[in-house]
Amino acid sequence: MKRILITGGAGFIGSHLCHHYLEKDYEVLCLDNLSTGSFDNISAFSNLPSFKFIEHDLTKPFKFNDKLDAILHFASPASPVDYQEKPIPTLKVGALGTHNALGLARAHQCKILLASTSEVYGDPQVHPQPETYWGHVNPIGPRGCYDEAKRFLEALTMAYHRTHGLDTRIIRIFNTYGPNMRIQDGRAIPTFISQALSGKSLTVHGQGDQTRSFCYIDDLVNGISRVLESNYHLPINLGNPQELSVLDCAKLIMNLTQSHSKIVFEERPIDDPHTRRPDINLAQKLLNWNPQFSLQQGLEKTIPYFKKKLINSSSENEKSLSGTKESITF
Ligand code: NAD
């Protein structure tokens, strides 16, 4: 049986990867410090003999004695709300955490795939963004802690590959969504869905004309699995090129949730990218990979998850705040 270590395995993407590799009959080691992830995301596997949860902060050294076949390094806060609340832990996990993950891969002589991001392109001046674009990042702005941590992750990975011949992979993930995201995560899709379902106004930044391209989680997991099996060491974009404005995304979610909420406009955050669309020619050619889910299809699979989460959190609130009148309406 092959053994894979997934850092950040209790997070949104990590938990889907745990599920995917358990289904492929791997032994899965999930390492996480639960800073932005949740044990709930992995509780369904916790009793399986082929699954092990290791609560650990990857910025601290980590050793594992039994053989590892592969490492997927996904530990890092990922939502702008999370990383702007935790700028130093974000830089530390991108630098020290990545160093520890690469060191572990070197000790085990196993392959390692590392999660980078479309944020390495910053507020892009090239559209759509191919892997050859070097980006337009403000290193000292509020998003710099995340963008530069990931740029350092890529540089350190290439240095390990070139210096030690380590078998590395780098993926640049574009906005991905799906079940297991947190309601309070702060990213556009969970925020709009939970606002729409609870009858609150949908908060759109600026005029909402900035664009995003959203990828459904199953497509991303499929792409990651193909990259791991490939033999390509330079960064590969993974994302869905279906681009739309943030305002149109909010309207689509209102439509699909049959919500009567209002849309309100708030100030644009500093350095918020104006456009975002992956050029996925490389992934198409190299991996024969194409996203299968349209945004509407992915949202139709995601909304029921948030409905359930909101019902559970409202009944927990009712238990703990018995007597208050706050309620969630659908
Ligand atoms: P997430 O916040 O749900 O998951 C991140 C996980 O990493 C959490 O479980 C968290 O507890 C864990 N973690 C953070 N710091 C840690 C540390 N020091 N030690 C151990 N565990 C730690 O976010 P996500 O959306 O699942 O993102 C996962 C990875 O994918 C991140 O590296 C992120 O940068 C990358 N990514 C995600 C997206 C996206 O759209 N979801 C886009 C680009 C890149």
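Residues numbered from 1 in each chain as written. Predicted model: local features only at pLDDT ≥ 70, side-chain atom pairs only at ≥ 80, totals over all residues. Heavy atoms only, no water.

Undergrad: Looking at this structure, I do not really get the overall build of the protein. What am I missing?
TA: Helix and strand content of the protein: 9 helices and 13 strands. Taken against the 2.2 N^0.38 rule, which gives 20 Å for 330 residues, the C-alpha radius of gyration of the protein at 20 Å falls within 12% of a compact globule. Principal-axis analysis of the C-alpha atoms gives the protein an extent of 60 × 45 × 35 Å. For the protein, restricting intrachain contacts to residue pairs at least 6 apart in sequence, the fraction spanning at least 24 positions comes to 80%. In the form shown here, the protein has an accessible surface area of approximately 15,300 Å², with 50% of it arising from carbon and sulfur atoms. Of the side chains in the protein, 34 bear a positive and 34 a negative charge, and the two mean positions are spaced by 3 Å. (Helix = DSSP H or I, 4+ residues; strand = E, 2+ residues; numbered from the N terminus. Rg over C-alpha atoms; globule rule 2.2 N^0.38 Å. Contact = heavy atoms within 4.5 Å. Areas by Shrake-Rupley, 256 points an atom, 1.4 Å probe, with all protein chains shown as cover. Lys, Arg positive; Asp, Glu negative; His and termini not counted. Charge placed at Lys NZ, Arg CZ, Asp CG, Glu CD.)

Undergrad: Help me out: how do you make sense of the site of the ligand in this one?
TA: Close to the ligand lie 29 residues, the nearest being Asp32, Thr36, Tyr146, Lys150 and Thr176. Taking Leu34, its main chain carries an N or O atom lying 3.5 Å from an oxygen atom of the ligand. Within the backbone of Leu58, an N or O atom sits 2.9 Å from a nitrogen atom of the ligand. Coverage of the ligand by the protein amounts to 96% of the 820 Å² it exposes when considered alone. Looking at the shell around the ligand, the elements with two or more residues in it are α1 (12-23), β5 (111-117) and α4 (144-164). Looking at the shell around the ligand residue by residue, the classes come out as 12 nonpolar, 13 polar and 4 charged. (Near = heavy atom within 4 Å. Polar contact = N/O pair within 3.5 Å; in protein donor to acceptor, adjacent residues only side chain to side chain. Nonpolar A, V, L, I, M, F, W, Y, C, P; charged D, E, K, R; others polar.)

Undergrad: Help me out: how do you make sense of the environment of Gln284 in this one?
TA: Take Gln284: it is sitting in helix α8 (residues 281-287). C-alpha separation for the pair Gln284 and Glu300, spaced 16 residues apart in sequence, amounts to 25 Å. Non-local contacts of Gln284, meaning those with residues more than four positions away in its chain, are made with Trp289 and Asn290.

Undergrad: Sorry, what's going on with helix α3 (residues 87-108) here?
TA: Each full turn of the α-helix corresponds to 3.6 residues, which orients residues three or four apart in the same direction. For α3, built from 22 residues, the straight-helix expectation of 32 Å at 1.5 Å per residue is met to within 8% by its first-to-last C-alpha distance of 31 Å. Buried within α3 we find Thr90, Val93, Gly94, Gly97, Thr98, Asn100, Ala101, Leu102, Leu104, Ala105 and His108. Buried residues belonging to α3 abut β1 (3-7), β4 (70-73), α2 (80-85), β5, α4 and β6 (168-173). One or two positions beyond α3, positive phi appears at Gln109, with a value near 50°. (Expected span 1.5 Å × (residues − 1). Buried < 20%, exposed > 50% of the residue type's maximum accessible area, 1.4 Å probe, protein only.)

Undergrad: Explanation requested: the sheet that holds β4 in the structure shown.
TA: Taken together, 7 strands build an open sheet; the order of strands is β3-β2-β1-β4-β5-β6-β11 and the sheet is parallel. The sheet terminates laterally at β3 (51-55) and β11 (236-238), the two strands that pair on one side only. Recorded for the sheet is a direction-independent mean angle of 20° between the axes of neighbouring strands. Sheet analysis places β5 next to β6, joined by 6 bridges and oriented parallel. Across the sheet, the residue bridging to Ser116 is Arg172, located in β6. (Pairing = 2+ DSSP bridges. Axes fitted to C-alpha atoms, helices over the stretch in contact; angles between N-to-C directions.)

Undergrad: I tried to follow the packing of aromatic side chains on my own but got confused; where do I start?
TA: A ring pair, where both rings are aromatic, is described by two values, the distance of the centres and the angle of the planes. As enumerated under the stated definition, the model contains 10 aromatic pairs in all. On the numbers, 5.0 Å between centres and 80° between planes, the contact of Tyr21 with Tyr26 is edge-to-face. Using a relative accessible area of 10% as the deciding quantity, one classes Tyr26 as buried. Between the aromatic rings of Phe39 and Phe53, the centroid separation amounts to 5.6 Å while the plane-to-plane angle is 65°, which identifies the pairing as edge-to-face. One end of the pair, Phe39, is in the loop between β2 (27-32) and β3; the other, Phe53, is in strand β3, and 14 residues separate them in sequence. Note on Phe39: relative accessible area 36%, which makes it partly exposed. Joined through ring pairs, the aromatic side chains of Tyr177, Phe214, Tyr216 and Phe293 make up one cluster. (Phe/Tyr/Trp six-rings, centres within 6.5 Å; stacked < 30°, edge-to-face > 60°.)

Undergrad: Looking at this model, I keep getting lost on unusual backbone geometry. Mind explaining?
TA: A negative phi angle characterises most non-glycine residues, just as the trans form characterises most peptide bonds. Pro128 follows His127 through a cis peptide bond whose omega is -10°. Within the secondary structure, Pro128 is located in the loop between β5 and α4. One non-glycine residue, Gln109, adopts positive backbone phi at about 50°. Among the secondary structure elements, Gln109 is positioned in the loop between α3 and β5. Taking relative accessible area as the criterion, Gln109 reaches 64% and is therefore assigned exposed. Here Asp271, not a glycine, exhibits a phi torsion of approximately 65°, which is positive. Within the secondary structure, Asp271 sits in the loop between β13 (263-266) and α8. When its relative accessible area of 31% is taken as the criterion, Asp271 is described as partly exposed.

Undergrad: Where do I start with the pattern of salt bridges in this structure?
TA: Two side chains that carry opposite charge are able to pair once their charged atoms sit near each other. Across all of its chains, the model carries 15 salt bridges by this definition. For Arg276, the salt bridge is made with Glu119, and the minimal N-O distance between the two is 3.1 Å. Highlighted residues: Arg276 in the loop between β13 and α8 and Glu119 in the loop between β5 and α4, separated in sequence by 157 residues. Look at Glu119 and you get buried, because its relative accessible area is 10%. (Salt bridge = Lys/Arg side-chain N within 4 Å of Asp/Glu carboxyl O.)

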